[in-house]
Amino acid sequence: MAKPKLALYWAASCGGCEIAVLDIHEKILDVDRAFDIVFWPAAMDFKYDSVRAMEDGSIDLCLFNGSIRNSENAELARLMRRKSKTLVAFGSCALEGGIPGLANLTTRNDIWGYVYKDSPSTVSTDGGVYPQAHSTMPEGTIEIPEMWDTVKSLDQVVDVDYYIPGCPPQPEQIWAVIELILSGKPLPGAGAVLGAGDKTCCEECPRERKERKLKQFYRPFEIEPDPNTCLLDQGIVCMGPATRNGCGALCTRANVPCRGCYGPPPNAPDQGAKMLSALGSIIDSHDPQEIESILDQIVDPMGTFYRFSLAHSILRRVQKS
Ligand code: SF4
Ligand code: SF4
Ligand code: SF4
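Residues numbered from 1 in each chain as written. Chains lettered and ligands numbered in written order. Predicted model: local features only at pLDDT ≥ 70, side-chain atom pairs only at ≥ 80, totals over all residues. Heavy atoms only, no water.

Q: I'm lost on the sheet that holds strand β3 (residues 59-65) in this one. Help?
A: Consider a sheet: its strands pair through backbone hydrogen bonds, and that pairing is either parallel or antiparallel. The parallel open sheet is built from 5 strands, whose spatial order is β2-β1-β3-β5-β9. A strand with exactly one partner marks an edge of an open sheet, and here the two such strands are β2 (36-39) and β9 (162-164). Mean inter-strand twist for the sheet, computed between neighbouring axes without regard to direction, equals 25°. (Pairing = 2+ DSSP bridges. Helix = DSSP H or I, 4+ residues; strand = E, 2+ residues; numbered from the N terminus. Axes fitted to C-alpha atoms, helices over the stretch in contact; angles between N-to-C directions.)

Set out below in structure tokens:
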């Protein structure tokens, strides 16, 4: 009997999700035994045209990581959607825009201005040369993908069947999902989040949390936190109350606050709003001015509350004229 076909693709990705697949160690051999890997550009030399030539719906499972921030990412998202029976948004960039989504705090022109014009360079660019989608050379016309102004999640571009959260997803979680698919057991309804819980990271965290009232916040390097007490209780902003469980609270077990990479828990569409509501209940003041000055101690609130989820949040991006 023919093996089911598996594809793995990276769009605007750091490559960490690809490494996470290899982190299942020798079980990767089971994946190879169970699946016919038909497309995995990070690991093997496949051509886009080979995928285009496949029948629509002929790939059984596609794990798609990375956000969508240029024309090539979008074209491949549409191609993989068309060719795949089951398309999975794999990792926080595909789910929510992830770290690349923080580019939505600015514009493409501002980014280009900084990178190609204002940054010191060893090359004289005569006031800045920006990437062009089409450039005519003596040898012919060169085309490069067109960068978008707004970074999007995969499901803002095509329909997605399932979601596997994490930056990157944890190997045990990846293997559990692959095992589930191989078992032939019925999968949850479309749109389900696989391999993660339906509570918050705090539920898995071994630290004791008393929801202590706070007047002072610290950055992680400013204090030496007690290893058994909730980091938030000690004034370190920890996204645990606003983050889906499933990773086993990896970071807080290592004395590092949760950054929120598993995205918001169920029924909390906006992770930043959920975190603000959690903070609202522990600020030790009723005076609006004092509350403001306490919250002002939090450095980089957007990057803290929306580190992975800005592109998929209610805000999505800043408006700049
Ligand atoms: S989710 Fe994290 S590990 Fe995966 S591509 Fe994005 S930044 Fe990299
Ligand atoms: S806020 Fe952070 S440190 Fe505190 S219990 Fe939740 S996950 Fe653990
Ligand atoms: S503790 Fe938070 S940031 Fe760390 S892996 Fe888990 S969800 Fe991600």
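Q: What is the right way to look at the site of ligand 1 in this model?
A: All residues in the neighbourhood of ligand 1 are listed as S13, C14, G16, C17, S92, C93, G166, C167 and P168. Among the secondary structure elements, those contributing two or more residues to the shell around ligand 1 are α1 (16-22) and α5 (92-96). Here the residues of the shell around ligand 1 sort into 5 nonpolar, 4 polar and no charged. (Near = heavy atom within 4 Å. Nonpolar A, V, L, I, M, F, W, Y, C, P; charged D, E, K, R; others polar.)

Q: Can you help me understand the nonpolar core in this one?
A: What tends to happen in soluble globular proteins is that the nonpolar side chains get buried as a cluster. Ranked by size, the top nonpolar core spans 24 residues in total, and within it F39, F64, M80, L87 and L154 carry the most contacts. Contributing elements (two or more residues each) for this core: β1 (5-10), β2, β3, α4 (71-83), β5 (84-90) and α5. Top contributing element to this core by residue count: α4, with 5 residues. If we ignore the near neighbours within four places in the chain, the residues touching M80 are A7, F39, V51, I59, C62, F64 and L87. (Core = buried A, V, L, I, M, F, W, Y, C linked by side-chain atoms within 4.5 Å. Buried < 20%, exposed > 50% of the residue type's maximum accessible area, 1.4 Å probe, protein only. Contact = heavy atoms within 4.5 Å.)

Q: How should I be thinking about the site of ligand 3 in this particular structure?
A: By nearness alone, every residue bordering ligand 3 is listed as C201, T243, C247, L250, C251, C258, R259, G260, C261 and Y262. Tallied by class, the residues present in the shell around ligand 3 amount to 7 nonpolar, 2 polar and 1 charged.

Q: So what exactly am I meant to see when it comes to the side chain of R81 here?
A: Its location among the elements puts R81 in helix α4. Setting aside residues up to four positions removed in sequence, R81 forms contacts with T86, L87, V158, D159, V160 and D161.

Q: What am I meant to see in a nonpolar patch on the surface here?
A: Together, Y114, V115 and Y116 make up a nonpolar patch on the protein surface, roughly 320 Å² of accessible area in all. When you line up the elements, Y116 lands in helix α6 (residues 108-118). The class for Y116 is partly exposed, based on a relative accessible area of 35%. (Patch = residues over 30% accessible without salt bridge, like charges linked within 9 Å, V, L, I, M, F, W, Y side chains within 5 Å. Areas by Shrake-Rupley, 256 points an atom, 1.4 Å probe, with all protein chains shown as cover. Salt bridge = Lys/Arg side-chain N within 4 Å of Asp/Glu carboxyl O.)

Q: Just to check I follow, could you spell out the packing of helix α2 (residues 27-34) against helix α7 (residues 171-183) for this structure?
A: In a pair of packed helices, the angle between the axes and the distance between the axes together describe the arrangement. Between α2 and α7, the shortest axis-to-axis distance is 12 Å and the interhelical angle comes to 30°. In terms of orientation, α2 lies roughly parallel with respect to α7. In terms of crossing hand, the pair formed by α2 and α7 is left-handed. Side by side, α2 and α7 meet where K27, D30, V31 and A34 of the first sit next to W175, I178 and L182 of the second. In terms of residue class, the contact of α2 with α7 is made up of 5 nonpolar, no polar and 2 charged. (Parallel < 35°, antiparallel > 145°, perpendicular 65-115°, else oblique. Left-handed = near helix turned anticlockwise from the far one by under 90°.)

Q: Any chance you could explain the pattern of salt bridges here in plain terms?
A: Pairs may arise between side chains of opposite charge once their charged atoms sit close together. Taken as a whole and judged by the stated rule, the model has 12 salt bridges. Note that R52 is salt-bridged to D49, the shortest N-O span being 2.7 Å. Separated by 3 residues within a single helix, R52 and D49 lie in helix α3 (residues 48-52), roughly one turn from each other. Judged by its relative accessible area of 35%, R52 is partly exposed. A salt bridge links K199 to D198, with the shortest nitrogen-to-oxygen separation between them at 3.9 Å.

Q: Is there a simple way to think about the state of the cysteines in this case?
A: Note on terminology: disulfide describes a covalent bond linking the sulfur atoms of two cysteines. On inspection of all chains with the given rule, the structure shows 0 disulfides. The thiol of C62 is not disulfide-bonded; the next cysteine sulfur, from C17, is found 13 Å away. (Disulfide = S-S within 2.5 Å.)

Q: Would you mind showing me how to read helix α9 (residues 271-280) here?
A: Side chains of residues three or four places apart in an α-helix project in the same direction, reflecting 3.6 residues per turn. Of the positions making up α9, those classed as buried are Q271, G272, M275, A278 and L279. The buried residues of α9 occupy an angular sector of 120° when the element is viewed end-on, so they sit on one face. In this structure, α9 carries S277 and G280 as exposed residues pointing more than 90 degrees from its buried face. Looking at the buried residues of α9, the elements they touch are α5 and α11 (301-305). (Arc of directions from axis to C-beta.)

Q: Could you clarify how one ought to interpret the environment of W10 in this entry?
A: If you trace the backbone, W10 turns up in strand β1. As a C-alpha pair, W10 and D296 span 286 residues in sequence and 37 Å in three-dimensional space. In contact with W10, other than residues within four places in its own chain, are G15, E18, P41, A42 and N65.

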